[in-house]
Amino acid sequence: IKTGSMSRARIKFPFGEVLNLESSSLVVIDPFDEEGKTDLKLVRGKLKARNLKMRARDVAIAPRGNDAVFEMSVEEGGVKVDIYAGEAEVRANGATVKVAGGQTVDIPEGLAPRPPAAFTAPDRMTRTAVVKHKAARTAEAVTTDIGELDVDLKHLPVGMTIAGFRLQASRTEDFAEILLERVF
């Protein structure tokens, strides 16, 4: 799944998991990893997710319980994980740290995760309010058919033009071989 500079993507999985991909991001979905399970890898950019196991570079995040909401970003020099709600384990280079809601952890490239730290007070208040607001709206924003465009106009940035969206699927990360392309 690849998003352009002015686009985002949201995917709801059958068991309630949610993946929100920010602009200029790329997630590779491998339907079968070595354990026969779906593998999701953030190659570049940023995502927000609920109850999904994710990887980015040499970092893996595994939510504990079914209420984990987190943000993961691939940055120059490493990966950053913010846990908004619930708890997750973050693993990298042979080390594992438990990260609770309201905490952030940096993982420098090639190194173990740094100790988790609390969000700063204003940052934490903003993030918590956004998560609570989005959680309240989740039940309302259910799309049953990929052909339907579900847009919440109240939460779009002012001045943003809605022209539609393009869906592409590819077997390769560079999208050299397009298997599906639809414009809505």
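No experiment lies behind these values; they were computed from the predicted model shown.

**Observations regarding the overall build of the chain**
Thinking step 1. A count of helices and strands for the chain gives one helix and 12 strands.
Thinking step 2. Going from the N terminus to the C terminus, the chain shows its helices and strands as β-β-β-β-β-β-β-β-β-β-α-β-β.
Thinking step 3. When contacts within the chain are restricted to residue pairs at least 6 apart in sequence, those whose partners lie at least 24 apart make up 30%.
Thinking step 4. For the chain, the exposed surface amounts to about 11300 Å²; the carbon and sulfur share of it is 53%.

**Quick notes on the nonpolar core**
Thinking step 1. Core analysis: the biggest nonpolar cluster contains 25 residues, and Leu42, Leu47, Met54, Ile61, Met72, Val81 and Val90 have the highest contact counts within it.
Thinking step 2. Elements supplying a minimum of two residues to this core: β2 (18-21), β4 (39-50), β5 (54-56), β6 (59-75), β7 (78-92), β8 (95-100) and β9 (103-108).
Thinking step 3. The element that contributes the greatest number of residues to this core is β7, accounting for six residues.
Thinking step 4. Aside from chain neighbours lying at most four places away, what touches methionine 72 is Leu42, Gly45, Lys46, Leu47, Met54, Arg55, Ala56, Val59, Ile61, Val79, Lys80 and Val81.

**Some points on the confidence of the model for the chain**
Thinking step 1. The pLDDT averaged across the chain works out to 76; a share of 70% of its residues lies at or above 70.
Thinking step 2. Averaged over each element, pLDDT in the chain is lowest for helix α1 (residues 121-138) (46) and highest for β8 (95).
Thinking step 3. Low confidence marks residues 124-154, where pLDDT is under 50. Its contacts with residues over four positions away, or in another chain, come to 29 contacts.

**Section: unusual backbone geometry**
Thinking step 1. Even without glycine at this site, serine 24 takes up a positive phi of about 55°.
Thinking step 2. Looking at the secondary structure, you find serine 24 in the loop between β2 and β3 (26-30).
Thinking step 3. You can call serine 24 partly exposed: its relative accessible area is 39%.
Thinking step 4. The phi torsion at asparagine 51 lies on the positive side, around 60°, for a residue other than glycine.

**Remarks on the environment of aspartate 106**
Thinking step 1. Checked against the element boundaries, aspartate 106 lands in strand β9.
Thinking step 2. Under the relative-accessibility criterion, aspartate 106 is labelled partly exposed at 33%.
Thinking step 3. Contact partners of aspartate 106, with chain neighbours within four places excluded, come to Val79, Lys80, Pro113 and Arg114.

**Thoughts on the pattern of salt bridges**
Thinking step 1. Tallied over the full model, the rule gives six salt bridges.
Thinking step 2. In this structure, lysine 48 engages glutamate 22 in a salt bridge whose closest nitrogen and oxygen atoms are separated by 3.2 Å. A residue pair is termed long-range when its members are at least 10 positions apart, and lysine 48 in strand β4 and glutamate 22 in the loop between β2 and β3 qualify at 26 residues.
Thinking step 3. Residue lysine 48 is classed as buried on the basis of its relative accessible area, which comes to 19%.
Thinking step 4. Judged by its relative accessible area of 18%, glutamate 22 is buried.
Thinking step 5. Note that arginine 64 is salt-bridged to glutamate 89, the shortest N-O span being 3.2 Å. Of this pair, arginine 64 sits in strand β6 while glutamate 89 sits in strand β7, and the two are 25 residues apart along the sequence.
Thinking step 6. Accessibility expressed as a relative area gives 35% for arginine 64, which makes it partly exposed.
Thinking step 7. Accessibility expressed as a relative area gives 17% for glutamate 89, which makes it buried.
Thinking step 8. Salt bridges sharing partners connect three or more residues here, namely Glu22, Lys46, Lys48 and Glu71.

Cut-offs and rules
Sequence order as written defines residue numbering, which begins from 1 separately in each chain. Local features in this predicted model are restricted to residues whose pLDDT is 70 or higher, and side-chain atom pairs enter the listing and the counts only when it is 80 or higher, whereas totals over whole chains, interfaces and linings include all residues. To get the side-chain values, all heavy atoms of the structure are used, and hydrogens and water are removed first. Secondary structure elements are taken from DSSP: a helix is a run of H or I of four residues or more, a strand is a run of E of two residues or more, and numbering for both begins at the N terminus. We call two residues in contact when some of their heavy atoms are within 4.5 Å. Computed with the Shrake-Rupley method and a 1.4 Å probe, the accessible areas treat only the protein chains shown as cover for residues. Here, the term nonpolar core denotes a set of buried Ala, Val, Leu, Ile, Met, Phe, Trp, Tyr and Cys residues that are joined through side-chain atoms within 4.5 Å. Relative accessible area decides the class of each residue, using a 1.4 Å probe on protein chains only: under 20% of the type maximum gives buried, over 50% gives exposed, and in between gives partly exposed. As a per-residue measure, pLDDT tells how confident the predictor is, with possible values from 0 to 100. For this analysis, a salt bridge means a side-chain nitrogen from Lys or Arg found within 4 Å of a carboxyl oxygen belonging to Asp or Glu.

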